[in-house]
There are 2 protein chains.
Amino acid sequence: MSVPTIKFYVREGLLPAGELTSPNQASYGETHVQRLRLIRALLDVGGLSVAGIRDVIVAIDDPERPVHKVLGTAASRIVPRYDREQDAGIEEARKSVAELIAARGWTAYPDNPAGEALATALAALEDVGHGGFAEVLDTYADAAERVARADLEYVAHHVAREELVESVVVGTVLGDAIFAAMRRLAHVDASHRAFGRAT
Amino acid sequence: MSVPTIKFYVREGLLPAGELTSPNQASYGETHVQRLRLIRALLDVGGLSVAGIRDVIVAIDDPERPVHKVLGTAASRIVPRYDREQDAGIEEARKSVAELIAARGWTAYPDNPAGEALATALAALEDVGHGGFAEVLDTYADAAERVARADLEYVAHHVAREELVESVVVGTVLGDAIFAAMRRLAHVDASHRAFGRAT
DNA sequence: GATAGTGGCGAGTGCCACTATCTATACTTT
DNA sequence: AAAGTATAGATAGTGGCACTCGCCACTATC
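Since the structure is predicted, the reported quantities are computational estimates derived from the model, not experimental observations.

**Student:** What should I look at first to understand the protein's contact with DNA strand C in this one?
**Tutor:** In the neighbourhood of DNA strand C, 17 residues make up the surrounding shell, with Asn24 of chain A together with Phe8, Tyr9, Asn24 and Leu43 of chain B lying closest. Among all atoms of DNA strand C positioned within 4 Å of the protein, those belonging to sugar or phosphate total 61%. The contact in question runs from a base oxygen of DNA strand C to an N or O atom on the side chain of Arg11 of chain A, over 3.0 Å. A distance of 3.3 Å is found between a phosphate oxygen of DNA strand C and a side-chain nitrogen or oxygen belonging to Thr5 of chain B. Only helix 1 (3-11) and strand 2 (25-27) of chain A together with helix 1 (3-11) and helix 2 (30-45) of chain B provide two or more residues apiece to the surface near DNA strand C. The dominant element in the surface near DNA strand C, judged by the number of residues it contributes, is helix 1 of chain B, at five residues. Looking at the surface near DNA strand C residue by residue, the class counts come to eight nonpolar, five polar and four charged.

This is the structure:
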């Protein structure tokens with residue numbers, strides 16, 4: 001971790017400045033190191049932008065902000081913003097999403113960032129001519145439900161209140177990466193079983 | 001979709017050139033449109049780079065290449081390449097991945113791109129101080145297994161051989177986005193159930 | 001007292017996905 | 001037939017992003 005990079009993060013508001021012990025010496029503590037690790041994790045593994053990380057961090061650090069608002073901010077930075085408004089099928093996809101949510105009995109508004117992201121992905125699927133893939137959506141929803149329950153249970157039982165927001169952000173971002181990697185490992189296994197060939 | 005953008009894609013080898021009907025007229029057909037949609041889906045929703053898409057497309061279009069090799073190429077472009085070699089905990093994380101694969105009875109080499117990606121994510125988790133999250137890994141693996149089985153079944157039953165490679169690529173890339181979005185929707189629901197508040 | 005490092009800051013770099021501009025040609029309208 | 005519009009192809013430029021450099025005044029250390 002080079003010094004200029006750290007100075008850059010300080011300037012961008014990702015990292016609090018060190019405490020000045022003299023005009024040209026500042027001391028950094030464990031919290032700075034911790035914060036740096038968080039930044040690298042969100043940047044490298046989570047794929048967030050520096051600006052997005054700043055917003056998330058500001059939200060995390062603001063003790064006034066109610067928890068669910070912080071999570072809202074985090075979600076809106078974490079979910080990549082596709083602007084596919086011109087996509088012909090997006091409206092139809094939004095309807096599918098609303099139906100799925102209703103069928104599942106989920107309490108969630110379909111027009112939140114996650115619902116929009118799902119609609120975008122479904123619309124892209126349709127565009128590409130693999131709309132039939134939507135057939136397995138129920139399996140995806142089952143799996144997502146299980147995972148989400150496990151996430152929440154972990155958070156509820158093992159995380160102290162003051163760490164809550166940060167761990168939810170970390171879990172959301174890194175959880176995506178973990179699941180995606182596992183899905184690919186499972187693909188390799190499943191395809192080996194089905195076709196008798198390891199990839 | 002602007003004309004210069006299309007020409008750019010042609011130059012970059014993402015899109016075959018149109019058939020010249022005269023020195024300054026080329027005709028594009030339905031396959032070009034289809035290919036364009038694929039490019040946009042991988043770019044916007046899948047988050048691949050133009051160079052990565054080129055590699056994937058070259059692999060898809062090469063009928064000589066055995067299927068499992070194409071999927072290997074696709075996987076190596078789809079999985080983002082983290083270079084966390086200097087991460088202290090990466091070796092330990094690799095061991096966890098190998099153990100997980102063994103415990104699951106999966107047939108997959110832990111040193112493939114997906115295994116590396118998983119190790120990286122786990123190492124990042126540990127760095128950030130949320131190593132305990134690894135507790136729920138089994139739930140993730142269960143879910144990944146289910147999803148992967150559904151993916152494969154769909155492909156085996158509904159996809160013609162000549163479309164196989166493309167649909168696996170599409171399914172892998174868009175499937176990630178779909179699952180991630182669903183996980184967030186399920187989070188909202190689960191947190192509403194647990195804490196009685198919608199986000 | 002020479003060397004090396006620091007904070008702070010503006011400017012620069014390299015990469016990437018386009019986008020603008022240019023030339024030469026051809027189709028289209030009047 | 002002349003003027004206007006459009007296209008292919010190619011080179012160069014743009015804007016955004018994550019750094020990285022260079023400069024200054026100063027200090028810590030050998």
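Let us keep going from here.
**Student:** So what exactly am I meant to see when it comes to the interface of chain A and chain B here?
**Tutor:** Often, the extent of an interface is quoted as the loss of accessible area upon association of its parts. If you look at the interface, chain A gives 83 residues, while chain B gives 84 residues. Counting the surface lost from both chain A and chain B, the interface buries some 7,800 Å², and carbon and sulfur atoms represent 73% of this. Together, Met182, Arg184 and Leu185 of chain A form the three largest contributors to the area buried by chain A at its contact with chain B, with a combined 9%. Where chain A touches chain B, the interface holds six salt bridges. Residue Arg183 of chain A pairs with Asp176 of chain B through a salt bridge whose shortest N-O separation is 3.3 Å. Counting across the chain A and chain B interface gives 27 residue pairs in polar contact (both at pLDDT 80 or more).

**Student:** I'm lost on helix 8 (residues 164-195) of chain B in this one. Help?
**Tutor:** Because the α-helix completes a turn every 3.6 residues, residues three or four places apart line up on one side. All names here are of chain B. In this model, helix 8 (32 residues) spans 44 Å end to end at C-alpha, consistent with the 46 Å of a helix rising 1.5 Å per residue. Taken as a whole, helix 8 carries its principal kink of about 25 degrees at Gly175. A large share of helix 8 lies buried, amounting to 26 of its 32 residues.

**Student:** Can you walk me through the pattern of salt bridges in this structure?
**Tutor:** A side chain of one charge can pair with a side chain of the opposite charge if their charged atoms are brought near each other. One pass over the structure, following the stated rule, counts 29 salt bridges over all chains. Here Arg65 of chain B and Asp62 of chain B are joined by a salt bridge, their closest N and O atoms 3.4 Å apart. Of the residues examined, Arg65 of chain B reaches a relative accessible area of 28% and is grouped as partly exposed. Connected via shared salt-bridge partners are Arg104, Asp138, Asp142, Glu145 and Arg149 of chain A.

**Student:** Looking at this structure, I do not really get the packing of helix 5 (residues 90-104) of chain B against helix 6 (residues 113-127) of chain B. What am I missing?
**Tutor:** Between two packed helices, the angle of one axis relative to the other and the distance separating the axes together describe the packing. Residue and element names in this part refer to chain B. Axis separation between helix 5 and helix 6 bottoms out at 8 Å; the angle between their running directions is 125 degrees. Classified by the angle their axes make, helix 5 and helix 6 are oblique. Relative to helix 6, helix 5 is oriented so that their crossing is right-handed. Of the residues in helix 6, those touching helix 5 at Ile90, Ala93, Arg94, Ser96, Val97 and Leu100 are Gly115, Glu116, Leu118, Ala119, Thr120, Leu122 and Ala123. Classifying every residue of the contact of helix 5 with helix 6 gives eight nonpolar, three polar and two charged.

**Student:** Where do I start with the relation of the copies chain A and chain B in this structure?
**Tutor:** One copy of the chain maps onto the other through a rotation about an axis followed by a shift along the same axis. Between chain A and chain B, which share one sequence, the superposing operator has a rotation angle of 180 degrees and an axial displacement of 0.0 Å; the RMSD is 0.1 Å. Here the symmetry operator amounts to a two-fold rotation axis. Residue Ala143 of chain A of chain A places its C-alpha closer to the rotation axis than any other residue of that unit, at 2.4 Å. Taken together, the interface assignments show that 100% of the residues at the interface of chain A recur at the interface of chain B, consistent with an identical surface on both copies.

**Student:** Teacher, can you tell me more about the packing of aromatic side chains here?
**Tutor:** How two aromatic rings sit relative to each other is given by the distance of their centres and the angle of their planes. One pass over the structure, following the stated rule, counts seven aromatic pairs over all chains. Plain terms: the ring middles of Tyr154 of chain A and Phe133 of chain B are 5.4 Å apart, the flat faces sit at 85 degrees to each other, and that makes the pair edge-to-face. With Tyr154 of chain A in helix 7 (residues 137-158) and Phe133 of chain B in the loop between helix 6 and helix 7 (137-158), the pair connects residues from two separate chains. Classification of Tyr154 of chain A by relative accessible area gives buried; the value is 9%. Take Phe133 of chain B: its relative accessible area is 5%, and that puts it in the buried class. A centroid spacing of 6.0 Å and a plane angle of 70 degrees characterise the contact between Phe133 of chain B and Tyr140 of chain B, whose relative ring orientation is edge-to-face. Feature note: the residues Phe133 and Tyr140 of chain A together with Tyr154 of chain B constitute an aromatic cluster, connected by ring pairs.

**Student:** How do you make sense of the pairing of strand 1 (residues 19-22) of chain A when you look at a structure like this?
**Tutor:** Consecutive side chains of a regular strand alternate in pointing toward one face of the sheet and then the other. As paired strands, strand 1 of chain A and strand 2 of chain A are joined by three bridges and run antiparallel to one another. The residue of strand 2 of chain A that forms the bridge with Leu20 of chain A is Ala26 of chain A.

**Student:** Could you clarify how one ought to interpret the protein's contact with DNA strand D in this entry?
**Tutor:** The environment of DNA strand D is formed by 19 residues, the closest being Phe8, Tyr9, Asn24 and Leu43 of chain A together with Lys7 of chain B. Each atom of DNA strand D within 4 Å of the protein was classed as base or backbone; sugar and phosphate made up 68%. Ser22 of chain A is positioned with one of its side-chain polar atoms (N or O) 3.4 Å from a phosphate oxygen of DNA strand D. Among the elements of the structure, helix 1 and helix 2 (30-45) of chain A together with helix 1 and strand 2 (25-27) of chain B are those that each provide at least two residues to the surface near DNA strand D.

**Student:** Explanation requested: the packing of helix 8 (residues 164-195) of chain A against helix 6 of chain B in the structure shown.
**Tutor:** Where helix 8 of chain A contacts helix 6 of chain B, the axes come no closer than 8 Å and their chain directions differ by 155 degrees. Considered as vectors, helix 8 of chain A and helix 6 of chain B are oriented roughly antiparallel to each other. Like other packed secondary-structure pairs, helix 8 of chain A and helix 6 of chain B cross with a definite hand, here left-handed. Contacts between helix 8 of chain A and helix 6 of chain B pair Val170, Leu174, Ala177, Ile178, Ala181, Met182, Arg184 and Leu185 of chain A from the former with Ala114, Gly115, Ala117, Leu118, Ala121, Leu122, Ala124 and Leu125 of chain B from the latter. Residues of the contact of helix 8 of chain A with helix 6 of chain B, tallied by class, amount to 14 nonpolar, one polar and one charged.

Conventions and cut-offs
Per chain, residue numbering runs from 1 following the sequence as it is written. By the order in which they are written, chains take letters starting at A while ligands take numbers starting at 1. Thresholds applied to this predicted model are a pLDDT of at least 70 for local features of residues and 80 or more for the giving and counting of side-chain atom pairs; totals over whole chains, interfaces and linings are not thresholded and use all residues. Water and hydrogen atoms play no part in the side-chain values, which are based on all heavy atoms of the structure. In this text, near means that some heavy atom of the residue lies within 4 Å of the molecule or strand in question. Residues adjacent in sequence count toward polar contacts only when both atoms are side-chain atoms; beyond that, a polar contact is any pair of N or O atoms within 3.5 Å, and within protein one must be able to donate a hydrogen and the other to accept it. Each helix is a run of DSSP H or I of at least 4 residues and each strand a run of E of at least 2, with the numbering of both proceeding from the N terminus. Each residue gets one label: Ala, Val, Leu, Ile, Met, Phe, Trp, Tyr, Cys and Pro are nonpolar, Asp, Glu, Lys and Arg are charged, and the others, such as Gly, are polar. In this description, contact between two residues means that some pair of their heavy atoms is separated by no more than 4.5 Å. Note on definitions: buried area is the accessible-area loss of two parts on being combined, 1.4 Å probe, summed for both. We count a salt bridge whenever a side-chain nitrogen from Lys or Arg sits within 4 Å of a carboxyl oxygen from Asp or Glu. Expected helix span is computed as 1.5 Å times (number of residues minus one). Two axes are fitted around each residue, one to the seven residues ending there and one to the seven starting there, and the angle between them is reported as the bend at that residue. Each residue's exposure class comes from its accessible area (1.4 Å probe, protein chains only) as a fraction of the maximum for that residue type: buried when under 20%, exposed when over 50%, partly exposed otherwise. Angular values range over 0 to 180 degrees, each being the angle between N-to-C directions of two axes fitted as lines to C-alpha atoms, with helices fitted over their stretch in contact. Angles below 35 degrees are treated as roughly parallel, those above 145 as roughly antiparallel, those between 65 and 115 as roughly perpendicular, and all remaining angles as oblique. In this scheme the handedness of a crossing depends on how the near helix is turned from the far one: anticlockwise by less than a right angle means left-handed, clockwise means right-handed. A least-squares superposition brings the copies together, and it is based on the C-alpha atoms of residues with pLDDT no lower than 70 in both. Pairing of aromatic rings covers Phe, Tyr and Trp, the last counted by its six-membered ring, and requires centre-to-centre distances within 6.5 Å; plane angles under 30 degrees mean stacked, over 60 mean edge-to-face, and any other angle means tilted. Between any two strands, pairing holds if DSSP finds at least two bridges.

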